[in-house]
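What follows is the residue order along each chain.
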Amino acid sequence: MANIAAQRIKREFKEVIKSEEVAKCAIKLELLNDSYTELKGEIAGPPDTPYEGGNFVLEIRVPETYPFNPPKVRFITKIWHPNISSVTGAICLDILKDQWAAAMTLRTVLLSLQALLSAAEPDDPQDAVVARQYKENLEMFKLTAKHWTNVYAGGPFVNSDCDDKIKRLIDMGIEEHQARVALSSYNWVLERATEQLFS
Amino acid sequence: MSFLINALKNFLHRMFQVLSLGKKTITNSLSIYVKHIGGRTLAVELDPTWDIKNLKEVVAPKLGLEPNEVKIIFAGKELGDEIKIEECDLGQKSVLHAVKIAKKTKLPQLNDGSFIEENEDLNSSKPLSETLDDSMFSHEDSSSSSAIIDKENSQSEASTSKSKVHFYVFCPTCKEMKSGKIRVRCHFCKSGAFTVHSEPQNWHDVLITKQITGTCENSPESCANVLSNREPTFAEFYFKCSEHTSLGEEDGAVPLDLIRPNLRDVPCLACADVCDPVLVFPCTEGHVTCLDCFRQYCITRLTERQFWQHPELGYTLACPAGCPDSFIKEVHHFRLLSEAQYAQYQRFGTEEFVLRSGGVLCPQPGCGMGILVDPGCNKVACINGCGYVFCRLCLQGYHIGDCRPADYDSNSNSEGCLYNVDPGRALEARWDEASRVTIKSSTKPCPKCRTPTERDGGCMHMVCTRAGCKFEWCWVCQTPWTRDCMGSHWFG
């Protein structure tokens with residue numbers, strides 16, 4: 001790996017550790033190897049959003065050409081969000097693509113992702129299903145996102161209605177996550193989800 | 001009495017210095033040329049500890065003049081008698097200019113003469129290298145008001161730490177970035193026997209023509225503009241490499257104006273180290289990178305073909321912080337790359353130029369010759385290259401009738417890869433053919449510029465990665481991206 005990238009990550013790591021956001025537990029950063037190429041990030045779900053109370057883990061891979069190319073960032077924690085793939089965790093955020101600039105840092109990336117959780121951009125989606133729900137049925141979207149936050153990110157809002165419906169599908173022999181995806185995609189209408197799963 | 005003895009002593013001492021010239025030069029000599037306006041050029045060996053007066057005493061007799069009839073001009077300045085040679089930023093084989101002082105100024109010695117002397121006391125007799133300092137050249141020269149502030153700053157700083165000016169150049173002889181020296185000549189006749197009326201204050205004065213006026217000492221017959229006096233005579237600034245022996249007046253170097261000494265200890269944008277010198281991008285923020293990071297930035301962008309083909313500046317880059325209007329104007333900055341990388345830069349730049357001008361690149365592996373074609377013609381022959389004749393639209397071998405659609409589906413469906421090899425072409429390089437198959441099966445061409453594009457995940461919405469194309473297209477339809485594509489097969 002190019003020395004510049006490692007050196008830069010080393011500094012940025014220190015910057016994040018010392019930052020006030022870390023002090024407030026809003027973001028976290030961990031090194032996964034000695035060569036500074038792989039890191040684990042964590043962001044807290046912003047207040048007054050469906051993600052409140054959840055902790056979202058991110059995979060950060062630093063390319064050799066960093067900081068002239070953006071880091072590759074992906075959600076490890078499953079999340080229901082129009083700009084994040086509910087399947088792969090891939091993120092659609094301009095600064096991680098063509099709007100990246102060498103002056104940006106891991107700290108700004110983590111903060112931008114946190115901002116993305118509070119302000120989705122459904123017109124530039126990564127997950128078309130989620131985006132459609134967001135635009136057509138915002139309440140249903142919020143309910144679903146809250147439920148996912150509870151199940152996957154340790155959020156406090158238990159939705160027993162959702163849990164019941166998932167249990168019914170599990171009893172039919174469907175795997176839990178698959179059941180949740182099907183129900184989430186069909187606005188928690190059990191019949192339509194079942195239909196889709198068995199078609 | 002003692003006054004006389006002293007004067008005699010002085011005289012003898014000087015004579016001795018002049019006579020012992022031969023001995024001194026053996027230990028520590030500077031061999032330079034003195035060019036006289038009459039056209040004669042003298043080769044002179046100098047001791048760097050001499051002053052200009054000593055030099056005049058050596059040179060004047062050879063020109064048939066008295067020492068006080070000669071003035072010595074170097075880098076746009078008349079050098080005062082008391083200046084030491086070593087202060088002048090002279091290199092081996094540098095050229096000084098000797099000019100006979102016009103008689104007019106000699107006669108009214110009381111008035112005019114004293115006036116001139118006073119004038120010269122204001123730094124004007126000192127060489128440029130001594131009077132210019134780095135703080136002048138470390139700013140963007142956008143507005144005059146800032147230049148005035150700069151001046152005040154530099155004056156207040158000057159008392160504490162005035163650093164002599166540093167210039168960096170790309171030297172075509174050394175083929176490297178070197179420290180450089182500023183030189184002055186007449187804008188019209190290119191004669192170095194030229195004195196500036198004022199000193200350049202910033203890069204604007206130096207790089208833009210006709211900013212600073214001066215007096216050309218060249219004989220009227222040689223400098224037409226002195227004779228007819230239609231325009232004020234302007235100074236022209238140029239640069240030399242300070243690390244190799246001068247190869248004459250034509251031996252110039254390209255100034256790298258973005259490379260500057262790091263006077264304020266600004267950390268590098270990319271690695272955050274404080275380095276010296278640094279490259280200051282021409283954006284309003286003046287973002288700074290160290291030279292290693294600048295190279296890395298160039299290599300990264302070059303490998304991804306993300307340099308920008310600018311209509312006026314050429315193949316260039318903007319500030320890595322993404323600032324608007326921050327393109328590097330002097331493309332010689334890319335000479336900081338290695339020879340091989342620079343060759344790649346030149347090749348890509350040429351290719352982009354050809355494509356921008358509506359030309360095509362020969363698709364034959366290993367050829368890539370740029371060909372400019374008449375707009376209506378689809379049959380392209382690689383005339384000065386490999387001789388391949390191909391269709392301009394599909395870049396396959398030339399054919400009559402419509403282009404055959406690429407058979408991607410059959411490739412991806414069958415393990416056996418049913419790519420049809422043209423029998424004639426099958427005889428050609430097999431290795432290249434194999435790599436062509438790989439490229440064909442794993443890529444699709446951008447519908448606009450035909451750059452082979454690989455999709456490594458994500459949705460079907462493609463944005464051409466070639467700098468300057470950025471065409472948005474659909475991976476499935478291979479047409480421009482539409483709402484219908486978004487509706488029916490966005491994610492596959």
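Here the structure is a predicted model, which means the values were calculated and not measured. (Residues numbered from 1 in each chain as written. Chains lettered and ligands numbered in written order. Predicted model: local features only at pLDDT ≥ 70, side-chain atom pairs only at ≥ 80, totals over all residues. Heavy atoms only, no water.)

Thoughts on the overall build of chain B
Then, in step 1: Looking only at helices and strands, chain B features 14 helices and 24 strands.
Then, in step 2: Counting only residues that meet the buried cut, chain B has 43% of its 492 residues in that class.
Then, in step 3: A fraction of 53% describes how many contacts in chain B between residues 6 or more apart in sequence connect residues 24 or more apart. (Helix = DSSP H or I, 4+ residues; strand = E, 2+ residues; numbered from the N terminus. Buried < 20%, exposed > 50% of the residue type's maximum accessible area, 1.4 Å probe, protein only. Contact = heavy atoms within 4.5 Å.)

Thoughts on the UniProt feature "domain: UBA" (unreviewed entry) in chain A
Then, in step 1: Residues annotated in UniProt with the feature "domain: UBA" (unreviewed entry) correspond here to residues 161-199 of chain A.
Then, in step 2: Helix makes up 77% of residues 161-199 of chain A and strand 0%, with an end-to-end C-alpha separation of 24 Å. (UniProt positions renumbered as here; feature names shortened; annotations may be inferred.)

Concerning empty space enclosed by the protein
Residues and elements named next belong to chain B.
Then, in step 1: The final tally for this structure, using the stated rule, is two cavities of 30 Å³ or more.
Then, in step 2: Counted as a void, the largest cavity has a volume near 180 Å³.
Then, in step 3: Taken together, 17 residues form the lining of the largest cavity, with Phe74, Val95, Arg183, Tyr238 and Lys240 sitting closest to its centre.
Then, in step 4: Of all elements in the fold, only strand S5 (95-100), strand S7 (176-186) and strand S10 (235-241) reach the threshold of two or more residues within the lining of the largest cavity. (1 Å grid on protein atoms, 1.4 Å probe; cavity = no way out; pocket = protein on both sides within 12 Å on 5 of 7 lines; lining within 4 Å. Points joined across faces, edges and corners; volume = space filled by probe spheres on them.)

Considerations on a nonpolar patch on the surface
Then, in step 1: Nonpolar side chains collect at one region of the surface, where B:Val389, B:Tyr398 and B:Ile400 lie side by side and expose about 320 Å² of accessible area between them.
Then, in step 2: Tracing the backbone through its elements, the reader meets B:Tyr398 in the loop between strand S20 (389-391) and helix H11 (408-413). (Patch = residues over 30% accessible without salt bridge, like charges linked within 9 Å, V, L, I, M, F, W, Y side chains within 5 Å. Areas by Shrake-Rupley, 256 points an atom, 1.4 Å probe, with all protein chains shown as cover. Salt bridge = Lys/Arg side-chain N within 4 Å of Asp/Glu carboxyl O.)

Some thoughts on the packing of helix H7 (residues 176-185) of chain A against helix H8 (residues 190-198) of chain A
Residue and element names in this part refer to chain A.
Then, in step 1: Contact pair H7 / H8: the axes reach a minimum separation of 8 Å and the direction vectors enclose 120°. The orientation of H7 with respect to H8, classified from their angle, is oblique. With respect to the hand of their crossing, H7 and H8 are arranged in right-handed fashion. The residues of H8 that touch H7, namely those facing Gln178, Ala182 and Leu183, are Leu190, Ala193, Gln196 and Leu197.
Then, in step 2: Partitioned by chemical class, the residues of the contact of H7 with H8 number five nonpolar, two polar and no charged. (Axes fitted to C-alpha atoms, helices over the stretch in contact; angles between N-to-C directions. Parallel < 35°, antiparallel > 145°, perpendicular 65-115°, else oblique. Left-handed = near helix turned anticlockwise from the far one by under 90°. Nonpolar A, V, L, I, M, F, W, Y, C, P; charged D, E, K, R; others polar.)

Points about the packing of helix H5 (residues 138-153) of chain A against H7(A)
Residue and element names in this part refer to chain A.
Then, in step 1: Interaxial distance between H5 and H7 falls to 11 Å at its minimum, and their mutual angle equals 165°. Taken together, the axis directions place H5 and H7 in an arrangement best described as roughly antiparallel. Every pair of crossing elements has a handedness; the one defined by H5 and H7 is left-handed. Residues Thr144, His147, Trp148, Val151 and Tyr152 of H5 form the contact with H7, whose participating residues are Glu176, His177, Arg180, Val181 and Ser184.
Then, in step 2: Here the contact of H5 with H7 is composed, by residue class, of four nonpolar, four polar and two charged.

Overview of the domain arrangement of chain A
All names here are of chain A.
Then, in step 1: For chain A, the domain assignment lists domain 1 (2-118) and domain 2 (128-198).
Then, in step 2: The C-alpha centroid of domain 2 is placed 27 Å from the C-alpha centroid of domain 1.
Then, in step 3: The interface of domain 1 with domain 2 comprises 14 residues on the first partner and 21 residues on the second.
Then, in step 4: Of the roughly 1400 Å² buried between domain 1 and domain 2 on both sides combined, carbon and sulfur atoms contribute 75%.
Then, in step 5: A per-residue breakdown of the area domain 1 buries against domain 2 is headed by Pro50, Lys78 and Trp80, which together make up 55% of the total. (Domains from an automatic or database assignment. Buried area = accessible area lost by both parts, 1.4 Å probe.)

Some details on the UniProt feature "domain: IBR" (unreviewed entry) in chain B
Then, in step 1: Here the UniProt-annotated "domain: IBR" (unreviewed entry) positions come out as residues 343-403 and 429-485 of chain B.
Then, in step 2: Split by type, residues 343-403 of chain B is 23% helix and 16% strand. Its first and last C-alpha atoms lie 35 Å apart.

As for a negative patch on the surface
Then, in step 1: Residues A:Asp94, A:Asp98, A:Glu121 and A:Asp124 make up a contiguous surface patch of negative charge.
Then, in step 2: Within the secondary structure, A:Asp94 is located in the loop between strand S4 (72-75) and helix H3 (106-118). (Lys, Arg positive; Asp, Glu negative; His and termini not counted. Charge placed at Lys NZ, Arg CZ, Asp CG, Glu CD.)

Some remarks on the sheet that holds strand S3 (residues 70-74) of chain B
All names here are of chain B.
Then, in step 1: With mixed pairing, the five strands of this open sheet are ordered in space as S2-S1-S5-S3-S4. Edge positions in the sheet fall to strand S2 (41-46) and strand S4 (77-79), since each of these pairs with one other strand and no more. The mean inter-strand angle of the sheet, taken between neighbouring strand axes irrespective of direction, is 35°.
Then, in step 2: As paired elements, S3 and S4 share three bridges and run antiparallel to each other. Across the sheet, the residue bridging to Ile72 is Leu79, located in S4. (Pairing = 2+ DSSP bridges.)

Quick word on the interface of chain B and chain A
Then, in step 1: In this complex, chain B contributes 17 residues to the contact, which on the side of chain A involves 17 residues.
Then, in step 2: The tally of links from chain B across to chain A stands at nine residue pairs in polar contact (both at pLDDT 80 or more).
Then, in step 3: Looking at the side of chain B that touches chain A, its residues break down into ten nonpolar, three polar and four charged. (Polar contact = N/O pair within 3.5 Å; in protein donor to acceptor, adjacent residues only side chain to side chain.)

Some details on the UniProt feature "domain: UBC core" (unreviewed entry) in chain A
Then, in step 1: Here the UniProt-annotated "domain: UBC core" (unreviewed entry) positions come out as residues 4-154 of chain A.
Then, in step 2: Taken end to end, residues 4-154 of chain A is 38% helix and 15% strand, and its first and last C-alpha atoms sit 37 Å apart.

A short note on helix H4 (residues 128-136) of chain A
Then, in step 1: Those residues of H4(A) not exposed but buried are A:Ala128, A:Val130, A:Ala131 and A:Gln133.
Then, in step 2: A distance of 3.2 Å separates the backbone nitrogen of A:Val129 from a side-chain oxygen at the start of H4(A), and that oxygen is part of A:Asp127.

Here's the deal with H8(A)
Residues and elements named next belong to chain A.
Then, in step 1: Residues of H8 that are buried: Leu190, Ala193, Thr194 and Leu197. Down the axis of H8, the sector holding all buried residues measures 100°, keeping them to one side. In H8, the exposed positions that point more than 90 degrees away from the buried face belong to Glu191 and Glu195. (Arc of directions from axis to C-beta.)

Focus on the pattern of salt bridges
Then, in step 1: In the structure shown here, the tally under the stated rule is 21 salt bridges over all chains.
Then, in step 2: In this structure, B:Glu176 and B:Lys178 form a salt bridge, with 3.8 Å as the shortest nitrogen-oxygen distance.
Then, in step 3: Among the charged side chains, a salt-bridge network with shared partners connects A:Glu38, A:Glu59, A:Arg61 and A:Arg74.

A word on the nonpolar core
Residue and element names in this part refer to chain A.
Then, in step 1: In this structure, Ile43, Phe75, Ile91 and Leu113 are the most contacted members of the largest nonpolar core, which totals 37 residues.
Then, in step 2: Broken down by secondary-structure element, the contributors of at least two residues to this core are helix H1 (3-18), strand S1 (27-31), strand S2 (38-44), strand S3 (55-61), S4, H3 and H5.
Then, in step 3: Among the elements that line this core, the one with the most residues is H3, at six residues.
Then, in step 4: If you count residues domain by domain, this core takes at least three from each of domain 1 (2-118) and domain 2 (128-198). (Core = buried A, V, L, I, M, F, W, Y, C linked by side-chain atoms within 4.5 Å.)

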